[in-house]
Structures are given as C-alpha cells and as structure tokens.
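Residues per chain, in single letters:
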Amino acid sequence: MENTELQTQLLPVDSRTPDPAIIAQAGQILKDGGLVAFPTETVYGLGGDALNPDSSRKIYAAKGRPSDNPLIVHIAEMEALKPICAQIPETMRRLAEAFWPGPLTMIVPKSDLVPKETTGGLDTVAIRMPDHETALALIRAAGGYIAAPSANASGRPSPTLASHVMEDLQGRIEMILDGGEVGIGVESTIVDLTGEVPTILRPGYVTEEMLRRVLGEVQTDPTLMQKVEGGRPKAPGMRYRHYAPKGTLSLVEGDAAVVTERINALIAEAASEGKKTGVLCTEETLAEYHADVVRSLGSRADMRSIALHLYRALREFDTEGVEMIYAESFSRDGFGQAVMNRLLKAAGYTIIQA
Ligand code: TXA
Ligand code: MG
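Before going into details, it helps to say that this report is about the structure given with it. (Residues numbered from 1 in each chain as written. Chains lettered and ligands numbered in written order. Predicted model: local features only at pLDDT ≥ 70, side-chain atom pairs only at ≥ 80, totals over all residues. Heavy atoms only, no water.)

A few points about the layout of surface pockets
Unfilled space is identified by rolling a water-sized probe across the atoms. A volume near 560 Å³ is recorded for the largest pocket. Secondary structure elements with two or more residues in the lining of the largest pocket: β4 (72-74), β6 (124-128), β9 (189-192) and β10 (199-202). In terms of residue count, β6 provides more of the lining of the largest pocket than any other element does, 4 residues in total. Each residue belonging to the lining of the largest pocket can be placed in one class, and the counts come to 19 nonpolar, 15 polar and 7 charged. (1 Å grid on protein atoms, 1.4 Å probe; cavity = no way out; pocket = protein on both sides within 12 Å on 5 of 7 lines; lining within 4 Å. Points joined across faces, edges and corners; volume = space filled by probe spheres on them. Helix = DSSP H or I, 4+ residues; strand = E, 2+ residues; numbered from the N terminus. Nonpolar A, V, L, I, M, F, W, Y, C, P; charged D, E, K, R; others polar.)

This is the structure in structure tokens:
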C-alpha cells in the first residue's frame, strides 16, 4: 500500500458542455498514468489509461479491488474498436448501432494491445461507449481508451454523485470531475458475445427484451437472479458481495399491504433487540413505516426513479449506522430485472415472503 496521500482535486463541470481546459488537464493526468473519476450516464467511473498496465494496477489499488476482476474499456468512437478487438463479431456491430453511445457493455476477444492487467488476466475485453458528453470528451483527451470500473471502494455501492466518490477515494486519486447526479443510477448491462448465444452477465438499463429485438436469441446468466447451488456468475465482479450496505438487508416480497405490515413487524422485533432499523420503500408507502431511518426511492410506477436512488439510499443507511434494513421488492420485468438483481445481491439473496 502506498503511504503517500494524494491531494484529490474536485472540479465541477457542466456535464453537457465541460470546460475544455479542465478536460485537457484531466486528460493529461490520465496520459501521465494518473487516475481521474468522472461521471457517466450510469454511475461514476474511476478512469485510468486502459492501455497502460501501471494505470490498471493503480485502479485496483485505489479501489482495494481484487486484481482478477476485469475492468471495462471505455471508447468514444467506433473506429477505436478495431485496435483492441481480436475480432469484431457481427452481433457487436448490430448492438453498437442500436445502443451506443449508451449503457451497454460488450465482451469480445481482445487484441494484444490491451494489457492483461486491464482484463484481469482474461483473453476477452469488456467495451463500452458511454452516453455522456463529459465522459466522451475525457476519453478523447486521454488518447481514446479509458479503463473504468465504478468509482466506489470495492464492496460499497456504486457512486451516483461526486460526493460518493470523495467518500471512498479521497487521497487515493488525482482528480474527480463533478458533473452532478448521474442519469441512470445502476451500472451498464453486460453482454458476453464470445459464446454461441449472447449472454447477459449483468442486467442494466438495456433489457433482455431490447437485446432480443436486435439479436433474436439472448440468454441471461442463471446465477444472477437466484442462488444456484455450486453456480458461479460468469462476470468475475458479480461473484463478490457487492452493492451491499454494512447493515443486514432483507428483501420482503408479497402483496403490497401485507408487505408493509410484515416489515413493520420485523422492525418492531429488531428494535426490541436494540438494533437500529431502516426501511427502503416507495412514495406510496413512505408514511406507513416506523423505522429509525425510512428512505423512499420514488414512485413504484417509475422504475427509473427507483434505480436512480437505490445506491444513494444504501449509502445513507451506512452513514446512519443502520443495522437491520428491510426493503420492499419490485417487479423483475424490464428494467426491474437490474434493480432486483442489485437488491438481491445486497441482500445475499435472502427473501422473506410476506
Ligand atoms: O456502467 C458501467 O459499466 C460502469 C461505468 C463506470 O461505465 N462501470 C462498471 O465497471 O460498472 P465495474 O468494473 O464496476 O464492473 C465491470 C464488470 C465486473 O463485474 C467485471 O467482472 C465484468 O464487468 N467484466 C469486465 N470484463 C469482463 C470480461 N472480459 N469477462 C467477464 N466479465 C467482465
Ligand atoms: Mg463496480
């Protein structure tokens, strides 16, 4: 571990039209092998030069992340693909046309240009073109390729605000570009294109249904939505206890009215044991709970709002020192699959049937 603390610069940027002087300064840091956290449409990323093995090593060190967990390479133009891919499958071209720039990451065989440090030792590389002007400008200023995991300390919820990045990485990286709150709030959909059938390794805003409309056949890694005995998620990062608050989180599923009643009973029980309690709920039920900390994610009818506020709420439970957290469940349809995947992981797949 390095014992020299870095002076982390926090610079505000207009996310749509970032100041070119700030982008140039941040790009130079990346070219020199330093680290810059930046906003994307999904979550904040911790950027380093993807083609520089030392930068990737620094990313792992700053996050405290195991170095067998590969990073996503971010690009700003289609022309950037060829140099880093051993081959570009037809499926990749079709998905890029439909969803890039956007919240979709594709896994393909890598070329020798991409160091193994960036891909966690794998022969494949995950690639994404973000839909965010600041991110795109920074990628160009850095020379075209930024490796960026989510800019949280390993094991913590991904950052949706620059203040979350400060909380986790201050003193460990050179710069944070503060472009305000992100737009989506959960990480990109990851699809593996190296097998016979395109396979979703992490659900996100681009749903299975949307991918199927472009590709026909698509499958989802079965370990994502339930505990599979002896099953291991194919994306290394999905194996770690991730997205999880420090307290114990349980998901409660069932009819709305019964769920509220059950959660209140569980809270009463935990409180009687002297535990600090929390509830993760929706606008519709906010007034009905009696926990120490009650957080609404937005209206149940608006899955985008639920997703956007999820990680922030999980972090707030940590700040407040909540020990027992009970969360309402959501539909697993469409974008709900991504939200439920993150909640299930945060809960260690514990579901209480109300
Ligand atoms: O939305 C996002 O994707 C954000 C923003 C910053 O772009 N990035 C992000 O990166 O979520 P990260 O490192 O937190 O998650 C990357 C995931 C991990 O689960 C990792 O294991 C998986 O992608 N991954 C990366 N390369 C892979 C590969 N070659 N094969 C399988 N899984 C891979
Ligand atoms: Mg992450």
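Brief notes about the sheet that holds strand β15 (residues 324-328)
Read from one edge of the open sheet, 5 strands run β14-β13-β15-β12-β16, paired in parallel fashion. The open sheet has two free edges, formed respectively by β14 (293-296) and β16 (351-353), since each of these has just one partner strand. Across the sheet, the axes of successive neighbouring strands diverge by a mean angle of 25 degrees, strand direction being ignored. Summarising the sheet, strand β12 (residues 248-253) and β16 pair through 3 bridges and their orientation is parallel. The residue bridging valine 252 from the neighbouring strand is isoleucine 352, located in β16. Contacting β12, β13 (277-281), β15 and β16, helix α8 (residues 256-272) crosses the sheet at an angle of about 180 degrees to β15. In this fold helix α10 (residues 336-346) packs onto β12, β13, β15 and β16, with an angle of close to 130 degrees to the strand it touches most, β12. (Pairing = 2+ DSSP bridges. Axes fitted to C-alpha atoms, helices over the stretch in contact; angles between N-to-C directions. Contact = heavy atoms within 4.5 Å.)

Regarding the site of ligand 1
In the vicinity of ligand 1, 26 residues are found, and the nearest of them are Thr42, Asn69, His74, Ser188 and Gly237. Note that an oxygen atom of ligand 1 is positioned 2.7 Å from one of the side-chain N or O atoms of threonine 42. In this structure, arginine 128 approaches ligand 1 through a side-chain N or O atom, which is 3.0 Å from an oxygen atom. With respect to the pocket detection grid, ligand 1 is positioned in the largest pocket. Secondary-structure elements contributing two or more residues to the shell around ligand 1 are β4, β6 and β10. Among the elements that take part in the shell around ligand 1, β6 stands out by supplying 3 residues, more than any other. (Near = heavy atom within 4 Å. Polar contact = N/O pair within 3.5 Å; in protein donor to acceptor, adjacent residues only side chain to side chain. Sits in = over half its atoms within 2 Å of the grid points.)

By themselves, these are just geometric observations and shouldn't be taken as functional.
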